[in-house]
Amino acid sequence: MNLVTTEILKTNEVKPGYFLHDYNAPLMAKTSEPGQFIHVRVAAGPHPILRRPFSICSAKEDRLQILFRVVGEGTHLLSKVMPGEKIDIMGPIGTPFKIEHKPAVLIAGGIGCAPLYFLALRMKEANIPVRFYYGARSVSDLPLHEEINAIAGELNITTEDGSLGKKGLITDVLPDRLTQDFAVYACGPETMLHALKKILDAQGISAQFSLENRMACGVGACMGCVTRTISGFKRVCVDGPVFSSDDVVI
Amino acid sequence: MNLVTTEILKTNEVKPGYFLHDYNAPLMAKTSEPGQFIHVRVAAGPHPILRRPFSICSAKEDRLQILFRVVGEGTHLLSKVMPGEKIDIMGPIGTPFKIEHKPAVLIAGGIGCAPLYFLALRMKEANIPVRFYYGARSVSDLPLHEEINAIAGELNITTEDGSLGKKGLITDVLPDRLTQDFAVYACGPETMLHALKKILDAQGISAQFSLENRMACGVGACMGCVTRTISGFKRVCVDGPVFSSDDVVI
Amino acid sequence: MTDLSVKLGRLTLKNPVTVASGAYGYGAEYLTLYAPSLLGAVFLKGITPKPRAGNQPPRIVETPAGMLNAIGLQNVGIEGLLKDKLPALQGIEGCFIANIAGESIDEFVQIAEALENAPNLSGIEVNVSCPNVRKGGMAFGVSAKATEAITRAVRKSTSLPIIVKLTPNVTDIREIARAAEAGGADAVSLINTLLGMAIDIEKRRPLLGNITGGLSGPAIRPVAVNMVWSVSRAIKIPVIGMGGVRTWEDAIEFFLAGASAISIGTAVFQDPLSPLKILDGIQKYLEKNSIDSIKHLSEYLKKD
Amino acid sequence: MTDLSVKLGRLTLKNPVTVASGAYGYGAEYLTLYAPSLLGAVFLKGITPKPRAGNQPPRIVETPAGMLNAIGLQNVGIEGLLKDKLPALQGIEGCFIANIAGESIDEFVQIAEALENAPNLSGIEVNVSCPNVRKGGMAFGVSAKATEAITRAVRKSTSLPIIVKLTPNVTDIREIARAAEAGGADAVSLINTLLGMAIDIEKRRPLLGNITGGLSGPAIRPVAVNMVWSVSRAIKIPVIGMGGVRTWEDAIEFFLAGASAISIGTAVFQDPLSPLKILDGIQKYLEKNSIDSIKHLSEYLKKD
Ligand SMILES: Cc1cc2nc3c(=O)[nH]c(=O)nc-3n(C[C@H](O)[C@H](O)[C@H](O)COP(=O)(O)OP(=O)(O)OC[C@H]3O[C@@H](n4cnc5c(N)ncnc54)[C@H](O)[C@@H]3O)c2cc1C
Ligand SMILES: Cc1cc2nc3c(=O)[nH]c(=O)nc-3n(C[C@H](O)[C@H](O)[C@H](O)COP(=O)(O)OP(=O)(O)OC[C@H]3O[C@@H](n4cnc5c(N)ncnc54)[C@H](O)[C@@H]3O)c2cc1C
Ligand SMILES: Cc1cc2nc3c(=O)[nH]c(=O)nc-3n(C[C@H](O)[C@H](O)[C@H](O)COP(=O)(O)O)c2cc1C
Ligand SMILES: Cc1cc2nc3c(=O)[nH]c(=O)nc-3n(C[C@H](O)[C@H](O)[C@H](O)COP(=O)(O)O)c2cc1C
Ligand code: FES
Ligand code: FES
């Protein structure tokens, strides 16, 4: 893990309210793995006092990229930072996805596409076939779907309003049987993971889930970000964010 | 007094750290008088919670202008607001300078030039001869000296480092006798007003001083901004900011 | 139609949004901006028997998401209130509530009696919680016994509804709230400011003329919400919640915590229109969630 | 050369900048960033006799210029500390101080005794001020009697320097500080967090699994400065000041208020390097003002 004040190379509002940021962070970029995140300082002053965690969405050479949606004060402030300005980031943090060498099913809900996009990039490099399932409220909430389409062998989209892909939830369109022949990776809102876990449990298979939680330190020191697992509370920041679906209690 | 969320028409960093802002505020501009101020909201969020008072530096047709120096968090935030963005301002507030119809001596220290520039503009319109005394630390702290030079009959400058005008303090170069033939108006740091008051008291004449103080409400409600006067505590925001030098205790 | 009216003992407010004592002067300072009748109530600046000059300046310091004040109850005195300030409100509709502060029980009684027939006054807030005066103030408010005695004495000397304003600078605020209830208060209001201090590191002196001051604003909101929550579970009379309310979301937090009405102090300085915006936000929240009366909000968490 | 060392009873720190319990884990979490030996001291996460699972999540909420936490003392227990955590610090220089929390005097004694010969430990902080546990914690810290009894018992059972950590949730913190002094503490540390609460207005439920939590961060700094100022005037043993220290200017404020050392909690989350930046700022301030020892800072305001 590394802590640097570095330059923002590029900002891009890919869809209204969705931003891609490129940071110059050679050391971090080199050591980042899909599923890990960076912890970003959003204010110089006393408010807001906490950093914000964002999944690494790609890391290549000197560049580290995140994708975020403006939801509150912190992401609003972040969206105002301009290329050339400085930013204080810490990372890479956390237990990444374990890449299994069999065909992959990636299931993303909303902004959960960020770490899975990074994962798909790495899988393409490793020649692992990827079937990508990507659900969101509406076409305007599918920030990376074209990029994902370009790298995934198969991309299935659902939107709640039917504005792109099938109308409905992503859990409605999953292959009938997610067998052990596939490795399943998922990131998305709790409701999606909850529904997905039911499906997986029923079929007796497990997946890798990337979880979110409110964080303070982001380095395992404060015990603030714990989530319930079958073996007790675990820290999302360092014990996760990637957990086995068998472990998590949601 | 008026409260509006309006547009910033122009921002201009006239000297490093000194900004001129032009706001679109027809009603305020029409009713503003030299010595009055506007109370400016500097943050949308909970910090910093207090508005910041700034003297009106000119008011013409629909435009109201302030000049400010970046000294802390609030003025820093303000300096980042761009033309076209919105700003929440309240004013005009306070007891203005009483314009006497005799030759005027205007004495400004540092950023205290702002209200006196506005006063000089009005005096020019009223054909009142103005002798302007303007002191600052250095030439880079004399943001309006060219504009003032263009309108004042006479401009005397001092800088502490001698980088423009006479080297020294403005109170060193005042006319030997400030008689009752002149009306004296002053605005500047407490040390300057303190020295000036000594000079005035010694000569038995009085002037109009524009004071500063930390403010919360800015409308006379909180009693937070009081200054000592010979008749007790008075509110700088509405009883002032302009006081008779005879009244103030500094 | 959403019902926004609230009952605070014998006092009924048309809506639950009020402005706190000390933030709104004597009720006339913001007249050019909007009519005070739009608000549930206006709490006037604290008043003492004689006019008070207040503390030495500086009296305010900004702090992270808050401010310290040490006004020291500068006010025109009961006579000034009756002769100048209340008459200035003549003809102006609104629910005006006096905030009174004495250095002894007798003084509280004296002010309450003098206010008995004051025009344009709907109630009395008994301030036993000012942290910025040497005598009386918070010294009463940290004692359950003194709080009960003062409440009872004021209760006897006025027919107006009375609200007792509590200090947060205590180990257990519920005790003090119970004392106010026992003394006959129609309602309690909380919190007054937290005792605080700031130091000028260049001059190496306290920043406030009074050395210490009272901390208010968004910074203290979590403390206030907690106290409102615990007090509203400890007593039966209604609670007026305050401390850092700045947005309508903050206000809803206080209602859910158990407050019947809320008060806005420091946030009025940032945005004098915030009380109206907050009122609007509350109304929309209730409508959106199909809650037909503000009174129901406090029940959600009570059920827990 | 500016002298930055400070004496806290029998404990000497190389400099007055420490990190607060709960913010720095068990001392190893920030090792990749810098050596803990650069700090005056590292206060380890609060420890109980048995491991504790801690409170139900969510455990943290951000608030204006601050945060609420309700960790509930999740920790590895005294055995875990001795078997895993302290050994992990073997070979790492630094002044490590354990923070201990019991549900009874016996438990405090039990932990203190177990720590007696622990390697790599320079002192014990006695936490009688945790607001997030049902038994013990703050319940002790609001009582002068219990504070004195616990301090005395721990004093007897260890030869290590002991520091008693005080809660701000009391009417008069000086009483509790005097009790700690009477019980034989080498120093007191303050403030722990202010009791607070936040509510989710959409779900209409408390945001914290534990309902209430402890407020920390810049928001509470004025409260902390005031308490440090009044405690340091009430007792003779040194005070470690904390509560919202984020910049070196904040730190200087605490020294001027009377603190001998300062501790940084929440600000470590915003900037893990802040302790080093603060240390640097303090050094420069002293040099600029020709103050040759940090010890002199507390005298400026004492003279008043
Ligand atoms: C491991 C991890 C990876 C994440 N990756 C991404 C990503 O790639 N892109 C993205 O847009 N978002 C991501 N999030 C969520 C992102 O951190 C939040 O959207 C963000 O913190 C919201 O901040 P805010 O100030 O705008 O919102 P506010 O609601 O104003 O924030 C208030 C507080 O709540 C916390 N918070 C709010 N929402 C969340 C959330 N969903 N998860 C965790 N904490 C939250 C904030 O961190 C802050 O402390 C991730 C979260 C985690 C834990
Ligand atoms: C009537 C009046 C007119 C003014 N006119 C001008 C002007 O035309 N141009 C200009 O640059 N400045 C002017 N000032 C001063 C200006 O208000 C302060 O420089 C500004 O508030 C500093 O804010 P900050 O957040 O940058 O500084 P900080 O020091 O971070 O502010 C902290 C707090 O202290 C207060 N404060 C700090 N300095 C002053 C000060 N000198 N006077 C009053 N409060 C202060 C702030 O308002 C804030 O509440 C005027 C002040 C008053 C009272
Ligand atoms: C400048 C100022 C003056 C105040 N004066 C009084 C007062 O006279 N009487 C009183 O009961 N409370 C007074 N208060 C306390 C407020 O009424 C309120 O209880 C407190 O500020 C918390 O609310 P807030 O965070 O919304 O400001 C004052 C507060 C401020 C900031
Ligand atoms: C997440 C968190 C956990 C904490 N855990 C402990 C603890 O275990 N023991 C303790 O004495 N104090 C604990 N504290 C209190 C801090 O040590 C400190 O007293 C308080 O946070 C005020 O300082 P700050 O504003 O710098 O954070 C904790 C604080 C936080 C924020
Ligand atoms: S955020 Fe502190 S332990 Fe995970
Ligand atoms: S700033 Fe409130 S009375 Fe002047």
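Residues numbered from 1 in each chain as written. Chains lettered and ligands numbered in written order. Predicted model: local features only at pLDDT ≥ 70, side-chain atom pairs only at ≥ 80, totals over all residues. Heavy atoms only, no water.

Of the regular secondary structure elements, chain A holds five helices and 15 strands. Taking 250 residues into account, the globule formula puts the C-alpha radius of gyration at 18 Å, and chain A, at 17 Å, falls close to it. If you line up chain A on its principal axes, its C-alpha atoms span 50 × 40 × 35 Å. Across the 250 residues in chain A, those meeting the buried criterion constitute 56%. A separation threshold of at least 6 residues defines the contact pool for chain A, and within that pool the share at least 24 residues apart is 64%. (Helix = DSSP H or I, 4+ residues; strand = E, 2+ residues; numbered from the N terminus. Rg over C-alpha atoms; globule rule 2.2 N^0.38 Å. Buried < 20%, exposed > 50% of the residue type's maximum accessible area, 1.4 Å probe, protein only. Contact = heavy atoms within 4.5 Å.)

For the rest of this paragraph, the subject is the site of ligand 4. Residue and element names in this part refer to chain D. Around ligand 4 lies a shell of 21 residues, among which Ser-21, Lys-165, Gly-217, Gly-244 and Thr-266 are the nearest. Ser-21 has a polar backbone atom sitting 2.7 Å from an oxygen atom of ligand 4. Within the backbone of Gly-46, a nitrogen or oxygen atom sits 3.2 Å from an oxygen atom of ligand 4. (Near = heavy atom within 4 Å. Polar contact = N/O pair within 3.5 Å; in protein donor to acceptor, adjacent residues only side chain to side chain.)

Residue and element names in this part refer to chain A. Per the domain assignment, the segments of chain A are domain 1 (2–93) and domain 2 (104–244). The C-alpha-based centres of domain 1 and domain 2 are spaced at 21 Å. Of the residues lining the interface, 23 residues belong to domain 1; the matching set on domain 2 comes to 26 residues. Both sides of the domain 1 and domain 2 interface together cover about 2,000 Å² of buried area, and 68% of this is carbon and sulfur. Applying the counting criterion to the domain 1 and domain 2 interface returns zero salt bridges. Inspection of the region where domain 1 meets domain 2 yields four residue pairs in polar contact (both at pLDDT 80 or more). Put simply, the parts of the chain that give the side of domain 1 that touches domain 2 at least two residues each are strand E1 (2–15), strand E2 (18–24), strand E3 (37–40), strand E4 (52–60), strand E5 (63–69) and strand E6 (86–93). Broken down by element, the side of domain 1 that touches domain 2 gets its largest block of residues, six residues, from E4. The class makeup of the residues in the side of domain 1 that touches domain 2 is 14 nonpolar, five polar and four charged. (Domains from an automatic or database assignment. Buried area = accessible area lost by both parts, 1.4 Å probe. Salt bridge = Lys/Arg side-chain N within 4 Å of Asp/Glu carboxyl O. Nonpolar A, V, L, I, M, F, W, Y, C, P; charged D, E, K, R; others polar.)

What follows is about the interface of chain D and chain C. Between chain D and chain C, the contact holds 45 residues from the first and 45 residues from the second. For chain D, the biggest contributors to the area lost against chain C are Met-197, Ile-201 and Arg-204 of chain D; these three give 20% of the whole. Joining chain D to chain C, the criterion identifies two salt bridges. A salt bridge links Lys-288 of chain C to Glu-202 of chain D, with the shortest nitrogen-to-oxygen separation between them at 3.9 Å. Counting residues per element, the ones that place at least two in the side of chain D that touches chain C are strand E11 (194–197), strand E12 (199–200), strand E13 (205–206), strand E14 (212–216), helix H6 (221–232), helix H7 (248–257), helix H9 (274–288) and helix H10 (299–302) of chain D. Here the residues of the side of chain D that touches chain C sort into 29 nonpolar, seven polar and nine charged.

It is worth spelling out the relation of the copies chain A and chain B at this point. The operation relating the two chain copies consists of a rotation about an axis and a shift along that axis. In the superposition of chain A on chain B (RMSD 0.0 Å, axial shift 0.1 Å), the rotation amounts to 180°. Look at the turn and shift together and you get a two-fold axis relating the two. By C-alpha distance to the rotation axis, the residue of chain A lying nearest is His-47 of chain A, at 3.2 Å. When you check the interface residues of chain A against chain B, 100% turn up at the interface there too, and the contact is symmetric in its surfaces. (Least-squares fit on C-alpha atoms with pLDDT ≥ 70 in both.)

Right, let's talk about the relation of the copies chain D and chain C for a bit. Here chain D sits on chain C after a turn of 180° about the axis and a move of 0.0 Å along it, with an RMSD of 0.0 Å. Mapped onto chain C, 100% of the interface residues of chain D again fall at the interface, so both copies present the same surface.

It is worth spelling out the site of ligand 3 at this point. Residues and elements named next belong to chain C. Near ligand 3 you find 21 residues, and of these Ser-21, Lys-165, Gly-217, Gly-244 and Thr-266 are the closest. In the model, a nitrogen atom of ligand 3 is placed 3.1 Å from a nitrogen or oxygen of the Asn-127 side chain. Note that an oxygen atom of ligand 3 is positioned 2.6 Å from one of the side-chain N or O atoms of Thr-266. Its free accessible area being 610 Å², ligand 3 has 98% of it covered by the protein chains. Looking at the shell around ligand 3, its residues break down into five nonpolar, 14 polar and two charged. (Areas by Shrake-Rupley, 256 points an atom, 1.4 Å probe, with all protein chains shown as cover.)

Residues and elements named next belong to chain D. Strand order in the open sheet formed by four strands is E5-E6-E14-E11, with antiparallel pairing between adjacent strands. The sheet is open, and its two edges are formed by strand E5 (60–63) and E11, each paired on a single side. Direction aside, the axes of adjacent strands within the sheet are offset by 35° on average. Examined bridge by bridge, strand E6 (residues 66–69) and E14 share three bridges and lie antiparallel to one another. (Pairing = 2+ DSSP bridges. Axes fitted to C-alpha atoms, helices over the stretch in contact; angles between N-to-C directions.)

So, on to the interface of chain A and chain B. Tallying the contact residues gives four residues for chain A and four residues for chain B. With both sides pooled, the region where chain A packs onto chain B buries about 250 Å², and carbon together with sulfur makes up 71% of that total. Joining chain A to chain B, the criterion identifies zero salt bridges. Where chain A packs against chain B, one counts zero residue pairs in polar contact (both at pLDDT 80 or more). By residue class, the composition of the side of chain A that touches chain B is one nonpolar, two polar and one charged.

A few words on helix H3 (residues 113–125) of chain A. Residue and element names in this part refer to chain A. Its 13 residues give H3 an end-to-end C-alpha distance of 18 Å, which sits within 8% of 18 Å, the value for a rise of 1.5 Å per residue. Of all the positions in H3, only Cys-113, Ala-114, Pro-115, Leu-116, Tyr-117, Phe-118, Leu-119, Ala-120 and Met-123 are classed as buried. Where H3 is buried, its residues touch E4, E5, strand E7 (104–109), strand E8 (130–136), helix H4 (145–151) and strand E11 (183–187). With its phi angle positive at about 55°, Asn-127 sits one or two positions after the end of H3. (Expected span 1.5 Å × (residues − 1).)

Quick look at the pairing of strand E7 (residues 96–100) of chain C now. Put simply, side chains in a regular strand alternate between the two faces of the sheet. All names here are of chain C. For E7, the buried fraction is high: five of the five residues fall into the buried class. Of the pairings in the sheet, the one linking strand E4 (residues 41–47) to E7 comprises four bridges and is parallel in character. Counted as the bridge partner of Val-42 is Phe-96 from E7. Note on the crossover from E7 through helix H2 (residues 105–115) to strand E8 (residues 123–127): the handedness is right-handed. (Right-handed = clockwise from strand over helix to strand, strands pointing away.)

Another point: the pattern of salt bridges. All names here are of chain B. Tallied over the full model, the rule gives 45 salt bridges over all chains. Lys-197 is the partner of Asp-201 in a salt bridge, and the nearest nitrogen-oxygen pair spans 3.2 Å. Taken together, the residues span about one helical turn, with Asp-201 and Lys-197 both in helix H5 (residues 190–203) at a distance of four residues. What makes Asp-201 partly exposed here is its relative accessible area of 42%. The class of Lys-197 is buried, set by a relative accessible area of 12%.

In this fold, Lys-288 of chain D is placed in helix H9. When its relative accessible area of 61% is taken as the criterion, Lys-288 of chain D is described as exposed.

A few words on the environment of Ser-5 of chain D. Residue and element names in this part refer to chain D. Summarising the element assignment, Ser-5 is placed in the segment before strand E1 (6–8). Residue classification places Ser-5 among the partly exposed residues on the basis of a relative accessible area of 22%. When the C-alpha positions of Ser-5 and Ser-260 are compared, they lie 9.6 Å apart, and in sequence the two are 255 residues distant. Not counting residues within four places of it along the chain, the set of residues in contact with Ser-5 comprises Leu-13, Lys-14, Asn-15, Ile-294 and Lys-295.

Quick look at unusual backbone geometry now. Cis geometry is adopted by the peptide bond preceding Pro-241 of chain A, which originates at Gly-240 of chain A and carries an omega value of 5°. Secondary-structure assignment places Pro-241 of chain A in the loop between strand E14 (232–235) and strand E15 (242–244). The linkage connecting Pro-57 of chain C with the following residue, Pro-58 of chain C, adopts the cis geometry, with an omega of -5°. In this fold, Pro-58 of chain C is placed in the loop between E4 and strand E5 (60–63). Positive phi, normally seen in glycine, also occurs at Ala-65 of chain C, with a value near 55°. The residue Ala-65 of chain C is located in the loop between E5 and strand E6 (66–69) in this model. Classification of Ala-65 of chain C by relative accessible area gives buried; the value is 0%.

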